[in-house]
Amino acid sequence: EVEAPVEVPANALDLRKIDPLQWCVKPEATHLAAAEHALLKFGCGTCGPRGFYGTTDVHLALEKSVAEFLGMEQSIVYSHGVATISSVIPAFASPQDAVFVDAGVAFGVL
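Small disclaimer: the values here were computed from a predicted structure and weren't measured. Residue numbers restart at each chain and count upward from 1, following the sequence in its written direction. The model is predicted, so local features are restricted to residues of pLDDT at least 70 and side-chain atom pairs to those at 80 or more, both for listing and for counting; the totals for chains, interfaces and linings are taken over all residues. Excluded from the side-chain calculation are hydrogens and water; included are all heavy atoms of the structure.

1. Re the overall build of the chain
So, point 1. Counting from the N terminus, the helices are DSSP H or I runs at least four residues long and the strands are E runs at least two residues long. Helix and strand counts for the chain come out as 4 helices and 0 strands.
So, point 2. Listing the helices and strands of the chain from first to last along the sequence gives α-α-α-α.
So, point 3. Looking at the chain as a whole, 8% of its 110 residues are labelled buried.
So, point 4. The contact rule is simple, with two residues in contact once any of their heavy atoms fall within 4.5 Å. Taking as baseline every contact in the chain between residues at least 6 positions apart, the subset at least 24 positions apart corresponds to 14%.
So, point 5. Accessible surface, the chain as shown: approximately 9,500 Å² in total, 62% of it carbon and sulfur. Accessible area is worked out with a 1.4 Å probe on protein chains only. A residue is then buried under 20% of its type maximum, exposed over 50%, and partly exposed in between. Residue burial considers only the protein chains on display, and all accessible areas are found by Shrake-Rupley using a 1.4 Å probe.

2. Observations concerning a nonpolar patch on the surface
So, point 1. Together, Leu13, Leu15, Leu21, Trp23, Phe69, Leu70 and Met72 line one region of the surface with nonpolar side chains, adding up to about 770 Å² of accessible area.
So, point 2. Along the chain, the position of Trp23 falls in the segment before helix H1 (29-42). Like-charged residues are merged into a patch within 9 Å and nonpolar side chains (Val, Leu, Ile, Met, Phe, Trp, Tyr) within 5 Å, provided each residue has over 30% relative accessible area and no salt bridge. Within this document, salt bridges are pairs made up of a side-chain nitrogen of Lys or Arg and a carboxyl oxygen of Asp or Glu, the two lying within 4 Å of each other.

3. A look at the environment of Asp97
So, point 1. As for its position among the elements, Asp97 is in the segment after helix H4 (82-92).
So, point 2. The exposure class of Asp97 is partly exposed, given its relative accessible area of 45%.
So, point 3. Reaching out from Asp97, the side chain makes a polar contact with the backbone nitrogen of Ser94 at a distance of 2.7 Å. Within 3.5 Å is the distance limit for a polar contact, defined as a pair of N or O atoms, with the added protein rule that one can donate a hydrogen and the other accept it, and that residues adjacent in sequence qualify only through two side-chain atoms.

4. Some words on the confidence of the model for the chain
So, point 1. For every residue, the predictor states its confidence as a pLDDT score lying anywhere from 0 to 100. In the predicted model, the chain carries a mean pLDDT of 80, and 86% of its residues have values of at least 70.
So, point 2. Looking at the elements of the chain, mean pLDDT is at its lowest for helix H2 (residues 50-53), recorded as 72, and at its highest for helix H3 (residues 57-70), recorded as 91.

See below:
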């Protein structure tokens, strides 16, 4: 049985999506300038995970922003949902633990 998608309030930030800020569908001059700045500073590649490039100031700034937004002391951001399965869950849960997830969890976690 397939469940209906979770309704996200209009003022919410849906971080499950590839483009949660909709920069791809509604680019603005400030977005384009930020993208150009990042391209000139970091170059271009197929990915930007820490395991490959190391931790950058952008990784740390994003995690700080996410933590502040959520009202938490710290946060961890992974480059792809599949990293949750292989690294995050094993780091925080043992085989004896139960992991509870909501309907919005990435398919691979199930």
